[in-house]
Amino acid sequence: MKFIAFITALFATPCFAQEVRLTGDEIQELLPTIVVTGNQTWQNFDLNGDTRYDDARGPSHGWWEVRGNQYCSAWGSREPSYWSCYQVWRDGETLIWSNDSGHRTENHIQNRQN
Amino acid sequence: MIEVAQGNSPLVLGLPHTGTDVPDEILASFNETGRDLADTDWHIHTLYEGLVPEITTVHTPVHRYVIDVNRDPGGISLYPGENTTTLCPLTDFDGNGIYKTGMEPDEAEVASRREKFHKPYHEALAAELDRVRALHGFALLYDCHSIRSGIPFLFDGTLPDFNTGTNLGTTCDASIETLVVERCKRADGYTSVLNGRFKGGWTTRHYGRPAEGLHAIQMELAQSTYCLERAPWIWDAGKADRLRAHLRDIVTDLQNWKPA
């Protein structure tokens, strides 16, 4: 199914001209100042490492941290096996999360109102 | 062709519907609906990837439109009297034809696909179940599935998030069913049902023989829990990570399960 494979690869690879990969320091600095929104989803990131995610199922509370140049989060437990890590890319007001499996999720950036 | 990753725990994950490979000659017989491959269990292998160590996985890369390895090879309907798809489906989940007119597979073609794709998958799955049963005295098959949460042709309303199937309690020890059901109930914000619209496919029913130390349970997830439910079926990292925490709990419980 070459066509589907091509389309999947296209969406999975952050290779568009305007996309810039964020460093660990840039991720650490940016996330506490923004809210990211997606397909009826909403997430913020506290300086103390807490994160809250909301969708139609209600709120979930997790943890986030920067490891090297990746964003990592855990939900339900902070045990090592619960953490997932992503490269973070930015294209204007779009934040892109990309994992080792090649999956890519785009969120819209809004300023966080504290 | 069949992809097997061996672990030494008693738990085996079946991944029958996550493949998107379609041989060229079969693809040429599909119409536009068929080529969309909309009924794929999108990203399921990624969803369960790396949750806990020592799990065996058995995965066919071949798409379910070619042949559905979760259907009776003899062609017997999984849900008599209800809309469902068949061994070599002629329609998608919405009831729309997937073949160009006159290019549907005949009996000989169905037999050929059964030999090429259905049989090898089940030979591999049976071998892995036998292998881990020899190590532990029992084996536990967890069959991994997902589907769009709204498909009027198949069911009314919105599907619960977790749909556990044990064919009305016959395919596994009752304590296994209880472990999974309780985990699903405790997943805050998620809905769940036991033996609702999806009671376990042919795989679960075929291998689920608790008296022989073979236990099987099916999990049908609503795709709204982790991805966009329309093309291009984009993975939603936030949703998927939350879901994976619950799946990890379920799979860990199952891996630690032992017969009384």
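These notes cover the structure that comes with them. Just so it is clear, the structure is predicted and the values come from calculations on it, not from any experiment. (Residues numbered from 1 in each chain as written. Chains lettered and ligands numbered in written order. Predicted model: local features only at pLDDT ≥ 70, side-chain atom pairs only at ≥ 80, totals over all residues. Heavy atoms only, no water.)

## Examining the pairing of strand S8 (residues 94-98) of chain A
Residues and elements named next belong to chain A.
In step 1: Extensive coverage of S8 is indicated by the burial of four of its five residues.
In step 2: Sheet topology places strand S7 (residues 83-91) next to S8; five bridges connect them, and they run antiparallel. Bridge pairing links Trp89 to Ile96 in S8.
In step 3: Counting the residues between successive antiparallel strands, the hairpin from S7 to S8 contains two residues, one of them, Gly92, with a positive phi of roughly 65 degrees.
In step 4: In terms of strand pairing, S8 meets strand S9 (residues 104-111) through five bridges, oriented antiparallel. Bridged to Leu95 within S9 is Asn107.
In step 5: A loop of five residues connects S8 with S9, the two strands running antiparallel in sequence, and Gly102 in this loop sits at a positive phi of about 90 degrees. (Buried < 20%, exposed > 50% of the residue type's maximum accessible area, 1.4 Å probe, protein only. Helix = DSSP H or I, 4+ residues; strand = E, 2+ residues; numbered from the N terminus. Pairing = 2+ DSSP bridges.)

## Some details on the pattern of salt bridges
All names here are of chain B.
In step 1: In this structure the tally under the stated criterion is 22 salt bridges over all chains.
In step 2: The partner of Arg113 in a salt bridge is Glu109, with the nearest N and O atoms 2.7 Å apart. Pair noted here: Arg113 and Glu109 are both in helix H4 (residues 107-136), with a separation of four residues, about one helical turn.
In step 3: Residue class for Arg113 comes out buried when judged on its relative accessible area of 3%.
In step 4: For the salt bridge of Lys185 with Glu182, the shortest nitrogen-to-oxygen distance reads 3.7 Å. With Lys185 and Glu182 both in helix H5 (residues 174-186) and three residues apart, the pair spans about one turn of that helix.
In step 5: A relative accessible area of 56% places Lys185 in the exposed class.
In step 6: Residue classification places Glu182 among the partly exposed positions, given a relative accessible area of 32%. (Salt bridge = Lys/Arg side-chain N within 4 Å of Asp/Glu carboxyl O.)

## Considering unusual backbone geometry
All names here are of chain B.
In step 1: Cis rather than trans, the peptide bond between Ala231 and Pro232 has omega equal to 5 degrees.
In step 2: Mapped onto the elements, Pro232 comes out in the loop between strand S7 (214-222) and helix H7 (237-256).
In step 3: Notably, His43 is not glycine yet its phi reads approximately 65 degrees, a positive angle.
In step 4: Within the fold, His43 resides in the loop between helix H2 (32-36) and helix H3 (44-48).
In step 5: Judged by relative accessible area, His43 falls into the buried class, the value being 12%.
In step 6: Of note, the phi angle at Asn167 is positive, near 45 degrees, even though the residue is not glycine.
In step 7: Considering the arrangement of structural elements, one finds Asn167 in the loop between strand S5 (162-165) and H5.
In step 8: Asn167 gets classed as partly exposed once you look at its relative accessible area, which sits at 22%.

## With respect to the packing of aromatic side chains
In step 1: Within this structure, the stated rule accounts for 14 aromatic pairs over all chains.
In step 2: Ring centres of Tyr53 of chain A and Trp75 of chain A lie 6.1 Å apart, and the angle between their planes is 75 degrees; this geometry places the pair in the edge-to-face category. Separated by 22 residues along the polypeptide, Tyr53 of chain A in strand S4 (residues 50-55) and Trp75 of chain A in strand S6 (residues 70-75) bring together distant segments of the chain. Considered together, Tyr53 of chain A and Trp75 of chain A belong to a single accessibility category, that of buried residues.
In step 3: Here Trp42 of chain B and Trp233 of chain B contribute two aromatic rings whose centre-to-centre distance is 5.3 Å and whose plane-to-plane angle is 15 degrees, an arrangement assigned as stacked. Placement of Trp42 of chain B in the loop between H2 and H3 and of Trp233 of chain B in the loop between S7 and H7 is noted, with a sequence separation of 191 residues between them. (Phe/Tyr/Trp six-rings, centres within 6.5 Å; stacked < 30°, edge-to-face > 60°.)

The quantities given are spatial measurements derived from coordinates; they are silent on function.
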